[in-house]
Amino acid sequence: IEWVTIGGMLIAGCSLPLVFLALRRQEPSRLGKSLEFRVYLVLIVFAAFSIVVWDDAAITMKGIRHALFAATSAVSTTGFVTGDWEAIPGGGQVLLVVLMTVGGMSASVAGGFKVVRLLALTGFVRRELVKSLHPEAVVTVHLGRSSISDVAMSRLVGDIVLALLVLGAGIVALAA
C-alpha cells in the first residue's frame, strides 16, 4: 500500500500536462527529457537517501520505503505520514521542510513555490555571481533550452521576496 501511495504522490507532484502528453502519445521518455522532472526526482531521491544515511539504524527496505514515503509526501505536500516524525533524524526533518517549501513541478496539484522557480532562482543567482566577477559580461538565465527575460526574472524574484516578507511577518505574529 505504501509503495502504491508513493507512486501516486510522485505523480501528483508532477506536471499534469507533461504526464498527460507522455501517456497520450505513449512516450514515457518525454518525462526524462524534462529538466524540471529530473530535478524533481533528484530532490526526492537525495532527501530519502539522506534520511536513510543519517538514521542510526541499519539500512533496510522498510527504512528506505519510509524515507521515500516521507520525501514524496513532503514534496507533493499531501501531508501523509507512516511513522513518527520524531523518528526522522534532525537533518532529515530540515530537508523535508525544505521540500515542502519547494513543492512539486509547475502545473501540478502540489503546493509550494515549485521546482521551476527553484531552477530559475538558481540561474539568477549564478548569473549575478558571474556578473559580480565579470561586470561587462552579458549572461542570460536559461531554463532548459529557453532563456528567461529580465522582466520575468525581476517578477519572479519580486514574488519570492514578497512571499518571504509575508512568511517573516507571519512568523513574528505567531511568535508574539
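Up top is the structure.
Computed from a prediction, not measured in an experiment: that's the story for all the values here.

Q: Hey, could you run me through helix 2 (residues 16–24) in this one?
A: Side chains of residues three or four places apart in an α-helix project in the same direction, reflecting 3.6 residues per turn. Residues of helix 2 that are buried: Leu18, Val19 and Ala22. Viewed end-on, helix 2 has its buried residues packed into an arc of 95 degrees, placing them on one side of the element. Elements that come into contact with the buried residues of helix 2 comprise helix 3 (29–33) and helix 4 (35–54). Gln26, located one to two residues past helix 2, shows a positive phi value of around 55 degrees.

Q: Sorry, what's going on with the nonpolar core here?
A: Side chains of nonpolar character tend, in soluble globular proteins, to be buried together. In terms of nonpolar packing, the biggest core is built from 29 residues, with Phe37, Tyr40, Ala71, Leu96 and Leu99 touching the most fellow members. Mapped onto this core, the elements with two or more residues apiece are helix 1 (2–12), helix 2, helix 4, helix 5 (61–76), helix 6 (90–102) and helix 7 (115–133). Element by element, the count of residues in this core is highest for helix 4, at eight residues. Of all hydrophobic cores here, the second largest spans seven residues; its members include Ala120, Phe124, Ile148 and Met153.

Q: Would you mind showing me how to read unusual backbone geometry here?
A: Only a minority of non-glycine residues have a phi that is not negative, and only a minority of peptide bonds are not trans. Of note, Thr77 is a non-glycine position whose phi angle comes to about 55 degrees, a positive value. Residue position: Thr77 is located in the loop between helix 5 and helix 6. Classification of Thr77 as partly exposed rests on a relative accessible area of 34%. Within the chain, Ala107 stands out as a residue other than glycine whose phi angle is a positive 65 degrees. In this structure, Ala107 sits in the loop between helix 6 and helix 7. The class for Ala107 is partly exposed, based on a relative accessible area of 43%.

Q: Could you clarify how one ought to interpret the layout of surface pockets in this entry?
A: Gaps left between atoms show up when a probe the size of a water molecule is rolled over them. Taken as a whole, the largest pocket holds about 540 Å³ of empty space. In this structure, the largest pocket is lined by 28 residues; those nearest its centre are His66, Ala67, Ala70, Asp84 and Ile88. Mapped onto the lining of the largest pocket, the elements with two or more residues apiece are helix 4, helix 5 and helix 6. Among the elements that make up the lining of the largest pocket, the one with the highest residue count is helix 5 (eight residues). Taken together, the residues of the lining of the largest pocket sort by class into 17 nonpolar, eight polar and three charged. By volume, the second largest pocket amounts to about 370 Å³. Taken together, 15 residues line the second largest pocket, and the ones lying closest to its centre are Lys33, Ser34, Leu35, Glu36 and Gly144. Looking at the lining of the second largest pocket, the elements with two or more residues in it are helix 3, helix 4 and helix 7. Residues of the lining of the second largest pocket, tallied by class, amount to six nonpolar, four polar and five charged.

Criteria and cut-off values
Residues numbered from 1 in each chain as written. Predicted model: local features only at pLDDT ≥ 70, side-chain atom pairs only at ≥ 80, totals over all residues. Heavy atoms only, no water. Buried < 20%, exposed > 50% of the residue type's maximum accessible area, 1.4 Å probe, protein only. Helix = DSSP H or I, 4+ residues; strand = E, 2+ residues; numbered from the N terminus. Arc of directions from axis to C-beta. Contact = heavy atoms within 4.5 Å. Core = buried A, V, L, I, M, F, W, Y, C linked by side-chain atoms within 4.5 Å. 1 Å grid on protein atoms, 1.4 Å probe; cavity = no way out; pocket = protein on both sides within 12 Å on 5 of 7 lines; lining within 4 Å. Points joined across faces, edges and corners; volume = space filled by probe spheres on them. Nonpolar A, V, L, I, M, F, W, Y, C, P; charged D, E, K, R; others polar.

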